[in-house]
Each structure stands twice: as C-alpha cells, then as structure tokens.
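Descriptive structure summary
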Amino acid sequence: MKRATVLPLLLIFLSPIFAQEETLLLNAESAVLVGIDSKQVLFEKNGERICPPASMTKLVTAYTAMRLWENRGWDLDRRFLVPPAADFRAAPPHSSLMFLQAGQIVSLKELLCGLMIPSGNDAAVAVALLTVGSVEAFVLEMNRTMESLGFGNCQFADASGYSPQNRISPREFAFFCIELIQKYPVIAETASLPSFTYPQPHNLNGTAAVYGFVRQINHNEIIGAFSGAVGLKTGYIDASGNNVALTAERDGTRFAAVLTGIRDEDGNRRSRKRTVDGTALLSHAFSTFADYRFIFPPFFDTDGTPMHPSETVVTLEKTAIGAVSIERRGDRLIFMQEQRPVKVILLEKPPLVTPGKSVHPKFYPFKTKKKFDFDPLTKYININ
C-alpha cells in the first residue's frame, strides 16, 4: 500500500526547514541506496566501482530463468530429472549447495528456493542445464538480458558467482534489483524465506540422499534482523569480500540497496560487518526519507494538447518537508527540496491510438537508448 500522504501540486510549502546533512559511515567499499518507486538515488558511496558480486550473481540467474520459463509457458510446479552435471558432488570446492543428486526429481520452484536461500551452486547449474541445455549458453542469455535492460557494466562468466570474472556496478545492480522485484516478485518472496529443506521424500525417485533431509537457514542474516527487510541476496568471494543486495518496505515506502567490499578480519562468510552495514543503511533510509504520491492538476501543451505526468511518486526528506517547491518548465516538473533539485517528472502527451487497438505505453524515467541515467534527472538539465 502506498503511504496515505497526498500533496497537491498547487501547494506552496512555506517556512523552510533545512535538514542538517549527516555522514553515514559504512565498512563497505561501495554502497548505493535507491527509492524503489521513485527511482531516486538517495545515498551513494563509490557506486560505479566495478567488483565481482559473488553469489549475488544468482539474482541474475533467477531473473533470466524466470524470463525464459515465462516465455515458454512453464510454471514453477514443472518438474525435471536432475542431470548428472548438477549433482552437488560435481560442484567446485567450498561451494554453497542445495544438495541436488543426479536422478532426483526437482521442481522449478524448488530450484528457485535452492538458488535464493542456501545459495546453491548446484541449483544454478541445474537451472542453466534444464533451461537452455548448457551453462555456457545460459550465461550468454544472462549477459544478453542485462544488456537489453541497459546494465552494460554487469557482465557474467558463470551462473553461480564463483568466478572473479563476474562483474557489476553497484549502482546498476541496485536498479536491476528494482527491475527484478517489480517484474518477478516471487523471487523476492522466495529470498525472504527463513529456511529451506532439501531433499523431500517426493524428490528422491529411488535415490539415497547422501546427507539425508538437509535443512539450511537463509544465508542473508539481515532477514529477521531488520523489520521490513525482504531479501534479496548475499555473496562472498575473496576478490571483493562480503556483498549484499537488500530491499525493505515500511509504511508503503520501499528501498533497494547494494553494498559491496565488506571485509571482516576473520574472513567469515556470514559477516557481522555486513549485518551492521545493511541495518545501518536501511535504518538511515527509513529515518530520513519517505515516498509521497502527488495529485496533479490538468496540464496542457502550448497547443492545448493534454499532458500527463509520467510518474506520481517522489521521495523526500521527512525533516525538510517544508522546504519543497515544484516548478514547471516546458515538459518537465522540477522538484526542489532545500533549494536542491531532487527529481524531475516528465509530462507526456497521450499516445496516438489506432482505431480498434489499445495502447499501454511504458515510460522508463531512468532509461535512455539502453543507457540508464541513474542520478536524478535534474543532473542532466540546467536548473539555474
């Protein structure tokens, strides 16, 4: 549910309250915080620093698989025979595992759980093989998918995340997480489950489970530790340390965050500093910002053509709500807070409609020719 606060455009805010800027100290080498519904970058530390994401790669694996399954009409209850190459005993040393065994019967839903909760490398291999026939072909699909979405700095060499050749930009990856939870919310729902047990009796298909029925808790230690956290994925690799992609929601306001390069002295994969950083960034988000849905009056172009705002949600600093002003300049609405631009909303003309055909236009406020402008759009216009 969207927060109940409604701000009419014609309201002029008086008595500015200038919020004092705070410095947020994090262990992470890079961190990005984005409003999910407003697409505003709210906090950033080295957001363009390229790094290997480790098992956060599995978010791209899950998204790519869901996209292909959807195109083929497969539902999550569809079941497959586990191929030999996806047997957990074939995984690289020190892998996180779902404990798949060749010859077992597994559903796509169970594979999604195996990817998101215990972060199974064997689950990633199974997804790739059962979806397109080979890991190499699936990785090509992952990279094509990211390129088509505009995330050119996110490239992958495997579907599991164990290769240091995988790379992401934390800023781009935060926006990818928004795309993922909006298009396939089942991935986020799965990522928030506290635990997962595999195999179950119905999976065995005559096999003997090597370690019995293995119950594993969610690798994301922030789940359950922070109220409102909804996934998404952790990852550890020596090249970048501990990483985490997070989403959280309270009172209708939603945030996505990506933190990378968190290093604990003991090199522990279940990182205390990762938990501290994640909860600190999300706490800052909810204490500082909130989403507001605006109700606008009618707009018209110079020739009298009606124009409609492409968006209605703006993320604002709660303590400086009295310091907001809104100005129209041509086909743009500029939102200022404390005399700083925080967001631009474009005014669009209605699409031309051919008789007998319905039109459902899509607007991507941060996408231009497959290149994403992740800073507030005001960065790219002269507001002085």
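Note that the coordinates shown come from a computational prediction; the quantities given were computed from them, not determined experimentally. (Residues numbered from 1 in each chain as written. Predicted model: local features only at pLDDT ≥ 70, side-chain atom pairs only at ≥ 80, totals over all residues. Heavy atoms only, no water.)

1. Notes on the confidence of the model for the chain
- For the chain, per-residue confidence averages 86 on the pLDDT scale, and residues scoring 70 or more make up 84% of the total.
- Long-range and interchain partners of residues 1–22, a stretch whose pLDDT sits below 50, account for 50 contacts in this model, where long-range means more than four residues apart.
- Contacts from residues 360–384, a stretch scored under 50 in pLDDT, to residues over four places away or in other chains number 51 contacts. (pLDDT = per-residue confidence, 0-100. Contact = heavy atoms within 4.5 Å.)

2. Some points on the pattern of salt bridges
- A complete count under the given rule lists 14 salt bridges for this structure.
- Asp37 is paired through a salt bridge with Arg254; the nearest N and O atoms lie 2.8 Å apart. Of this pair, Asp37 sits in the loop between strand 2 (30–35) and strand 3 (41–45) while Arg254 sits in strand 10 (residues 253–262), and the two are 217 residues apart along the sequence.
- Residue Arg274 is joined to Glu221 by a salt bridge in which the shortest nitrogen-to-oxygen separation is 2.7 Å. With Arg274 in helix 7 (residues 272–288) and Glu221 in the loop between strand 7 (214–217) and strand 8 (229–237), the pair connects residues that are 53 residues apart, well separated along the chain. Of the two residues, Arg274 and Glu221, both sit in the buried class.
- Here the salt bridges do not stand alone but share partners, grouping Glu29, Arg49 and Arg263 into one network. (Salt bridge = Lys/Arg side-chain N within 4 Å of Asp/Glu carboxyl O. Helix = DSSP H or I, 4+ residues; strand = E, 2+ residues; numbered from the N terminus. Buried < 20%, exposed > 50% of the residue type's maximum accessible area, 1.4 Å probe, protein only.)

3. A look at the sheet that holds strand 2
- Strand order across the open sheet formed by five strands is 3-2-10-9-8, with antiparallel pairing between neighbours. For this open sheet the edge positions go to strand 3 and strand 8, each flanked by a neighbour on one side alone. For this sheet the average axis-to-axis angle between neighbouring strands, irrespective of direction, equals 5°.
- In this structure, strand 2 lies alongside strand 10, joined through six bridges in antiparallel fashion. Within strand 10, the position partnered with Val32 by the bridge is Val258. (Pairing = 2+ DSSP bridges. Axes fitted to C-alpha atoms, helices over the stretch in contact; angles between N-to-C directions.)

4. A word on the side chain of Thr131
- Position of Thr131 among the secondary structure elements: in helix 3 (residues 121–132).
- Other than its neighbours up to four places away in sequence, Thr131 contacts Leu68, Trp69, Arg72, Trp74 and Phe138.

5. A look at unusual backbone geometry
- Here Tyr198 and Pro199 are connected by a cis peptide whose omega angle stands at -5°.
- Inspection of the secondary structure puts Pro199 in the loop between strand 6 (195–198) and strand 7.
- Residue Leu232 follows Gly231 across a cis peptide bond; omega there is 15°.
- You can see Leu232 is positioned in strand 8.

6. Side note on the packing of helix 1 (residues 57–72) against helix 5 (residues 170–183)
- Between helix 1 and helix 5, whose axes approach to 11 Å, the crossing angle comes to 35°. Considering how the two elements wind past one another, helix 1 and helix 5 form a crossing that is left-handed. Taken together, the residues of helix 5 that come into contact with helix 1 (itself represented by Leu59, Val60, Tyr63 and Glu70) are Phe173, Phe176, Cys177, Glu179, Leu180 and Lys183.
- Here the contact of helix 1 with helix 5 is composed, by residue class, of seven nonpolar, no polar and three charged. (Left-handed = near helix turned anticlockwise from the far one by under 90°. Nonpolar A, V, L, I, M, F, W, Y, C, P; charged D, E, K, R; others polar.)

7. So, the environment of Asp77
- In this fold, Asp77 is placed in the loop between helix 1 and strand 4 (79–81).
- Taking C-alpha positions, Asp77 is 5.5 Å from Ser107, a pair spaced 30 residues apart along the chain.

8. Considerations on the side chain of Ser38
- Structurally, the position occupied by Ser38 is in the loop between strand 2 and strand 3.
- Aside from chain neighbours lying at most four places away, what touches Ser38 is Asp291, Glu311, Val313, Val314, Thr315 and Lys343.

9. Some remarks on the sheet that holds strand 17 (residues 340–348)
- The strand order across the open sheet formed by five strands is 12-13-17-16-15, and the pairing between neighbours is antiparallel. Pairing within the sheet leaves two strands with one partner each, and these edge strands are strand 12 (299–300) and strand 15 (324–329).

10. Observations concerning the environment of Pro52
- Assignment of secondary structure puts Pro52 in the loop between strand 3 and helix 1.
- You can call Pro52 buried: its relative accessible area is 11%.
- For Pro52 and Asn243, which are 191 residues apart along the polypeptide, the C-alpha to C-alpha distance reads 9.2 Å.
- Look past the residues within four positions of Pro52 in its chain and what remains in contact with it is Pro164, Asn166, Arg167, Ile237, Ala239, Ser240 and Asn243.

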